[in-house]
Amino acid sequence: FPEGGLRAWLVVAGASAALFSTMGYANAFGVYQEYYQSHQLSHETPSAISWIGSLQLFIMFASSVIAGPLFDMLGHRTIWPSAIAYVFSLMMTSLCKHLWQFILCQGVLGGFSMGMVLGPAMAATGHYFKQKRAAAMGIIVAASSCGGVIFPIALSHMLAHPSLKFAWTVRILAFVILALLSLTCIFTKARLPPRKGRFFLPEAFKDLSYTTMIASIFFLLMGMFIPFFYLPSYAINHGMSTQLASNLVSILNGASFFGRVIPGLIANKVGKYNVLSISGMSTAILIFCWTHTHSNASIIVFSALYGFCSGAIISLMSLAFMSTAKDPKDIGTYYGMGMGVSSIAALIGPPINGALVTKYGSFDQAGIFCGVTVLVGALGVLVSKFCAG
């Protein structure tokens, strides 16, 4: 592994642009959730609307099961058509009026094209780093935090602008993403020759460390996204202004930047399993505390702390999957299969939370459910560490 050099850091730059444009944009769905509830989809329940974002997250992660092996077998050529499809999905979203249209354009097509960009960008970085892989991944995933700061602020301000409204807000973001993904397409290159043979590697699931890690990430993903979806709505219910509530997602993602970089650096010293488990436990504790925050100040402080603690989960889960691959040529496939299975949690988690909020008229039950699932995932990481020896 080169562990650096111009080509390696250009790949990191390209992957950073990809995560800024995909996961960073997906992290802004809380603003969309609140906007849809008061505009186009005001007649729908919060749980029904959350299916747009949960489908997007699920398909973004699940499509890695295709994107990873395709990258191992075809290289970086898979990114170009995926980037074009992603921009097309944004343009179509700007025209949507009904729930089924948003689900198809923003949820299904948007999520699939995001994942087909995201998977190769992450896997390519693994070709260039081994000892410094945790730090490189931390830098890349931190770019999604930057996107998670900028996109919600841009969305909330442009949606409130009388001359832009919804359609042109989404189109402007589409043009920005088009420019960024052009850099991804240019800079992202595979270092190793294509892998020959089977598309999937089912024997990987015989590795107990790999399967327990998949289960752990499953539980972590099921519970950790509730503030990304519902924090603005929760804050508004407790008297916060709509504008300030929309900025909570940006505060959360801004703190997540440090949570994704610093733990990645620490993981090189104390171990990725230890840092991932501690981050999961901290995230669970904060979720249990969430529904006890009622003032503007306490909600803002929660946003910052939660962003930092949960950021490490996003940063290290990809690294955990890649590190289990015995052959560097299989990194994309191991990453893709692991994310493909565990991503089911991102599909069912937010709608479950929405249903709990709708049934009980409170966020307390949803908070308990998410806190328990994240805690189970954090403890599962320690089991995976034990299995790995």
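Quick caveat, the model's predicted, so the values are computed rather than measured. (Residues numbered from 1 in each chain as written. Predicted model: local features only at pLDDT ≥ 70, side-chain atom pairs only at ≥ 80, totals over all residues. Heavy atoms only, no water.)

Asker: What exactly am I supposed to notice about the overall build of the chain here?
Answerer: Looking only at helices and strands, the chain has 17 helices and 0 strands in total. Taken against the 2.2 N^0.38 rule, which gives 21 Å for 389 residues, the C-alpha radius of gyration of the chain at 19 Å falls within 12% of a compact globule. Across its three principal directions, the C-alpha atoms of the chain cover 55 × 40 × 30 Å. Across the 389 residues in the chain, those meeting the buried criterion constitute 59%. In the chain, of all internal contacts separated by at least 6 residues, the share reaching a separation of at least 24 is 85%. By element, 73% of the accessible surface of the chain is carried by carbon and sulfur atoms, the whole surface being about 13,900 Å². Between the centroid of the 21 positive side chains of the chain and the centroid of its 9 negative side chains there is a distance of 8 Å. (Helix = DSSP H or I, 4+ residues; strand = E, 2+ residues; numbered from the N terminus. Rg over C-alpha atoms; globule rule 2.2 N^0.38 Å. Buried < 20%, exposed > 50% of the residue type's maximum accessible area, 1.4 Å probe, protein only. Contact = heavy atoms within 4.5 Å. Areas by Shrake-Rupley, 256 points an atom, 1.4 Å probe, with all protein chains shown as cover. Lys, Arg positive; Asp, Glu negative; His and termini not counted. Charge placed at Lys NZ, Arg CZ, Asp CG, Glu CD.)

Asker: Would you mind showing me how to read the packing of aromatic side chains here?
Answerer: What characterises a pair of aromatic rings is the spacing of the ring centres plus the angle enclosed by the ring planes. One pass over the full model with this rule turns up 23 aromatic pairs. Note on tyrosine 25 and tyrosine 86: the rings are 6.5 Å apart at their centroids and 70° apart in plane angle, and the pair reads as edge-to-face. Pair noted here: tyrosine 25 is in helix α2 (residues 23–26) and tyrosine 86 is in helix α6 (residues 79–93), with a separation of 61 residues, a long-range link. Assigned by exposure class, tyrosine 25 and tyrosine 86 land together as buried. Feature note: the residues Phe20, Tyr25, Phe29, Tyr32, Tyr35, Tyr36, Tyr86, Phe102, Phe151 and Phe166 constitute an aromatic cluster, connected by ring pairs. Sitting over the face of the ring of tryptophan 168, arginine 171 holds its NZ or CZ atom 5.0 Å from the ring centroid. (Phe/Tyr/Trp six-rings, centres within 6.5 Å; stacked < 30°, edge-to-face > 60°. Lys NZ or Arg CZ within 6 Å of the ring centre and 35° of its normal.)

Asker: How should I be thinking about the nonpolar core in this particular structure?
Answerer: Soluble globular proteins: nonpolar side chains tend toward being buried together. With 116 residues, the main nonpolar core has Tyr25, Tyr32, Tyr36, Phe61, Met122, Met224 and Phe225 as its most contacted residues. The greatest single-element share of this core, amounting to 12 residues, is contributed by helix α14 (residues 296–323). What tyrosine 25 contacts, discounting residues up to four positions off in sequence, is Phe20, Tyr32, Gln56, Tyr86, Leu90, Met114, Phe151, Leu173 and Ile177. Leu55, Phe58, Ala62 and Leu347 belong to the second-largest nonpolar core, a separate cluster that totals 5 residues. (Core = buried A, V, L, I, M, F, W, Y, C linked by side-chain atoms within 4.5 Å.)

Asker: I'm lost on the packing of helix α15 (residues 331–342) against helix α16 (residues 344–360) in this one. Help?
Answerer: Angle between the axes and distance between the axes are the two parameters that describe a pair of packed helices. For the pair α15 and α16, interaxial distance at closest approach is 4 Å and the crossing angle is 25°. Classified by the interaxial angle, the pair formed by α15 and α16 is roughly parallel. Contact residues: Gly340, Val341 and Ser342 in α15; Ile344, Ala345 and Ala346 in α16. Residue composition of the contact of α15 with α16, grouped by class: 4 nonpolar, 2 polar and no charged. (Axes fitted to C-alpha atoms, helices over the stretch in contact; angles between N-to-C directions. Parallel < 35°, antiparallel > 145°, perpendicular 65-115°, else oblique. Nonpolar A, V, L, I, M, F, W, Y, C, P; charged D, E, K, R; others polar.)

Asker: How should I be thinking about the layout of surface pockets in this particular structure?
Answerer: Unoccupied space between atoms shows up once a probe the size of one water molecule is rolled over them. Roughly 360 Å³ of volume is contained in the largest pocket. Looking at the largest pocket, it is lined by 17 residues, and the ones nearest its centre are Lys130, Arg133, Lys272, Leu319 and Ser323. If you list the elements that add at least two residues to the lining of the largest pocket, you get α8 (133–160), α12 (242–270), α13 (272–290) and α14. Among the elements that take part in the lining of the largest pocket, α14 stands out by supplying 3 residues, more than any other. Its boundaries defined by the atoms lining it, the second largest pocket holds a volume of some 210 Å³. For the lining of the second largest pocket, the leading source of residues is helix α3 (residues 29–38), giving 4 residues. (1 Å grid on protein atoms, 1.4 Å probe; cavity = no way out; pocket = protein on both sides within 12 Å on 5 of 7 lines; lining within 4 Å. Points joined across faces, edges and corners; volume = space filled by probe spheres on them.)

Asker: How should I be thinking about a nonpolar patch on the surface in this particular structure?
Answerer: Together, Phe219, Phe288, Ile368, Val372, Leu375, Val376, Leu379 and Leu382 give the surface a local cluster of nonpolar side chains, amounting to about 610 Å² of exposed area. Top element by residues in the nonpolar patch is helix α17 (residues 364–388). It accounts for 6 residues. (Patch = residues over 30% accessible without salt bridge, like charges linked within 9 Å, V, L, I, M, F, W, Y side chains within 5 Å. Salt bridge = Lys/Arg side-chain N within 4 Å of Asp/Glu carboxyl O.)

Asker: Help me understand the environment of leucine 70 in this model?
Answerer: One can find leucine 70 in helix α5 (residues 64–74). Exposure remark for leucine 70: the relative accessible area of 22% places this residue in the partly exposed category. Residues leucine 70 and valine 301, spaced 231 residues apart in sequence, show a C-alpha to C-alpha distance of 42 Å. Residues contacting leucine 70, with those up to four places away along its chain left out, are Gly75, Thr78, Met116 and Phe199.

Asker: Please clarify how the environment of alanine 83 should be interpreted in this entry.
Answerer: Looking at where alanine 83 falls in the secondary structure, it is placed in helix α6. For the pair alanine 83 and isoleucine 287, spaced 204 residues apart in sequence, the C-alpha separation works out to 35 Å. The contacts of alanine 83, once residues within four sequence positions are left out, are Val117, Leu181 and Cys185.

Asker: When you look at the side chain of serine 362 in this model, what are you seeing that I'm missing?
Answerer: Tracing the sequence through the fold places serine 362 in the loop between α16 and α17. At 3.1 Å, the side chain of serine 362 forms a polar contact with the backbone nitrogen of aspartate 364. Once residues within four sequence positions are removed from consideration, serine 362 is found in contact with Leu356 and Val357. (Polar contact = N/O pair within 3.5 Å; in protein donor to acceptor, adjacent residues only side chain to side chain.)

Asker: Mind showing me how you'd approach the environment of phenylalanine 308 here?
Answerer: Inspection of the secondary structure puts phenylalanine 308 in helix α14. Residue phenylalanine 308 is classed as partly exposed on the basis of its relative accessible area of 35%. Separated by 100 residues in the primary sequence, phenylalanine 308 and leucine 208 place their C-alpha atoms 30 Å from one another. When neighbours within four sequence positions are excluded, phenylalanine 308 is seen to be in contact with Ala255, Ser256, Phe258, Gly259 and Ile262.

Asker: Hey, could you run me through the packing of helix α7 (residues 99–126) against α8 in this one?
Answerer: The contact between α7 and α8 brings their axes to 10 Å, and the two run at 150°. On the basis of their axis angle, the class for α7 and α8 is roughly antiparallel. Relative to α8, the crossing made by α7 is right-handed. Taking contact as the criterion, the partners of Met122, Thr125 and Gly126 in α7 are, on α8, Arg133, Ala136, Met137, Ile140 and Val141. Considered class by class, the residues forming the contact of α7 with α8 number 5 nonpolar, 2 polar and 1 charged. (Left-handed = near helix turned anticlockwise from the far one by under 90°.)

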